[in-house]
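Examining the three-dimensional arrangement
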Amino acid sequence: MKMGPGLFWGILFLLIGISLLIKVVFRLDVPVVRIVTGLVLILLGVRMLVGGPWFFREEPEENEVIFAEKTYRGKEVKNQEYSVVFGKATFDFTDLDSLSLPKHVKISTVFGSTTIFLSREVPVKIKGESVFAGVRLPGGSTAVFGSTSYESEGFDPARPYLGIQSEVVFGRVNMVYRE
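Treat the numbers as computed from the prediction; the structure is a model and nothing was measured.

Turning our attention to the overall build of the chain. Counting secondary structure elements, the chain contains two helices and twelve strands. With 179 residues in all, the chain has 36% of them scored as buried. Restricting the contact set of the chain to residue pairs at least 6 apart, pairs at least 24 apart contribute 58%. A total accessible area of about 11,100 Å² is found for the chain, and carbon and sulfur atoms account for 59% of it.

Laid out in structure tokens, this is it:
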């Protein structure tokens with residue numbers, strides 16, 4: 001069954017009708033307008049965070065983690081953009097070598113958690129941006145509101161490197177070197 005705007009509005013009108021019946025039959029004062037306004041704002045907020053259709057698709061795309069947990073290996077990372085929404089994702093870039101570089105990845109985390117494992121042998125340049133969230137980079141720098149950046153030892157922009165751009169809202173991103 002496809003969930004779309006028709007289903008949403010149908011459920012919304014059904015709830016309005018039920019609340020009006022409860023108000024008339026049981027003489028309960030139900031704030032119908034406030035409830036409807038709240039439901040519409042919640043739907044619009046979720047739609048803005050997730051983007052695309054009105055409700056979640058049955059199968060998220062390969063580069064999306066929505067209400068789930070997923071692990072990506074460095075050599076398997078094909079897309080340039082990944083989204084983590086209400087979920088947990090792990091990116092393990094320890095299997096990368098100089099032959100699989102350059103690689104640039106953008107990882108967006110909203111109400112979720114992302115862990116990124118790095119190898120000391122691969123040069124890396126990281127930019128982390130956060131809003132009401134936490135970003136912890138390998139050099140020890142953190143950001144709760146704003147941005148921070150990191151370049152590994154031996155980083156040379158003229159040579160191939162792993163570039164990571166991380167954006168997090170109401171979530172957590174932790175980037176560490178795996179020994």
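Structure shown, so let's carry the discussion forward.
Per the counting criterion, the structure on display carries four salt bridges. Linking Arg 73 and Asp 92 is a salt bridge whose minimum nitrogen-to-oxygen distance equals 3.2 Å. Within this pair, whereas Arg 73 is found in strand 2 (residues 69–73), its partner Asp 92 is found in strand 4 (residues 88–92), the two being separated by 19 residues in sequence. Assessed through its relative accessible area of 38%, Arg 73 is described here as partly exposed.

Taken in spatial order, the six strands of this open sheet run 1-3-5-11-7-10, and their pairing is mixed. Each of the sheet's edge strands pairs with one partner strand only, and the pair in question is strand 1 (64–66) and strand 10 (146–151). Across this sheet, the average inter-strand angle for adjacent strands is 10°, counted without regard to direction. Relative to strand 10, strand 7 (residues 124–131) runs antiparallel, the two sharing six bridges. Looking at the pairing, Ile 126 lines up with Tyr 150 of strand 10.

Bringing the confidence of the model for the chain into the picture now. Per-residue pLDDT for the chain has a mean of 82; in total, 85% of the residues score no lower than 70. Ranking the elements of the chain by mean pLDDT puts helix 2 (residues 32–50) last, at 72, and strand 6 (residues 113–118) first, at 95.

Within the open sheet, the six strands sit side by side as 2-4-6-12-8-9. Their pairing is mixed. Where the open sheet ends on each side, the last strands, each with one partner, are strand 2 and strand 9 (142–143). As judged from the six bridges shared by strand 6 and strand 12 (residues 172–177), these two strands associate in the parallel manner. Residue Thr 114 lies in a different strand from strand 12, and its bridge partner there is Val 173.

Per the stated rule, a full pass over the model turns up eleven aromatic pairs. Considering the side-chain rings of Tyr 72 and Phe 91, the 4.8 Å spacing of their centres and the 15° angle between planes classify their relative orientation as stacked. Taken as a pair, Tyr 72 in strand 2 and Phe 91 in strand 4 lie far apart in primary sequence, 19 residues in all. Aromatic pair Phe 155 and Tyr 161: ring centres 4.8 Å apart, planes at 80°, arrangement edge-to-face. Residues Phe 155 and Tyr 161 agree in their burial class; the two are buried. An aromatic cluster is built from Phe 67, Phe 86, Phe 111, Phe 132, Phe 145 and Phe 170, whose rings are joined through pairwise contacts.

In this structure, Phe 91, Phe 93, Ile 116, Leu 118, Leu 162 and Ile 164 are the most contacted members of the largest nonpolar core, which totals 27 residues. Secondary-structure elements contributing two or more residues to this core are strand 3 (81–85), strand 4, strand 5 (103–110), strand 6, strand 7, strand 11 (162–169) and strand 12. If sequence neighbours within four positions are ignored, Phe 91 has contacts with Tyr 72, Val 77, Tyr 82, Ile 107, Thr 114, Thr 115, Ile 116 and Phe 117.

Glancing now at the pairing of strand 7. Of the two faces of strand 7, the one lined by Val 124, Ile 126, Gly 128 and Ser 130 is fully buried and the one lined by Lys 125, Lys 127, Glu 129 and Val 131 carries no buried residue. Where strand 7 meets strand 11, eight bridges bridge the pair, whose relative direction is parallel. Bridged to Ile 126 within strand 11 is Ile 164.

What counts as what
Residues numbered from 1 in each chain as written. Predicted model: local features only at pLDDT ≥ 70, side-chain atom pairs only at ≥ 80, totals over all residues. Heavy atoms only, no water. Helix = DSSP H or I, 4+ residues; strand = E, 2+ residues; numbered from the N terminus. Buried < 20%, exposed > 50% of the residue type's maximum accessible area, 1.4 Å probe, protein only. Contact = heavy atoms within 4.5 Å. Areas by Shrake-Rupley, 256 points an atom, 1.4 Å probe, with all protein chains shown as cover. Salt bridge = Lys/Arg side-chain N within 4 Å of Asp/Glu carboxyl O. Pairing = 2+ DSSP bridges. Axes fitted to C-alpha atoms, helices over the stretch in contact; angles between N-to-C directions. pLDDT = per-residue confidence, 0-100. Phe/Tyr/Trp six-rings, centres within 6.5 Å; stacked < 30°, edge-to-face > 60°. Core = buried A, V, L, I, M, F, W, Y, C linked by side-chain atoms within 4.5 Å.

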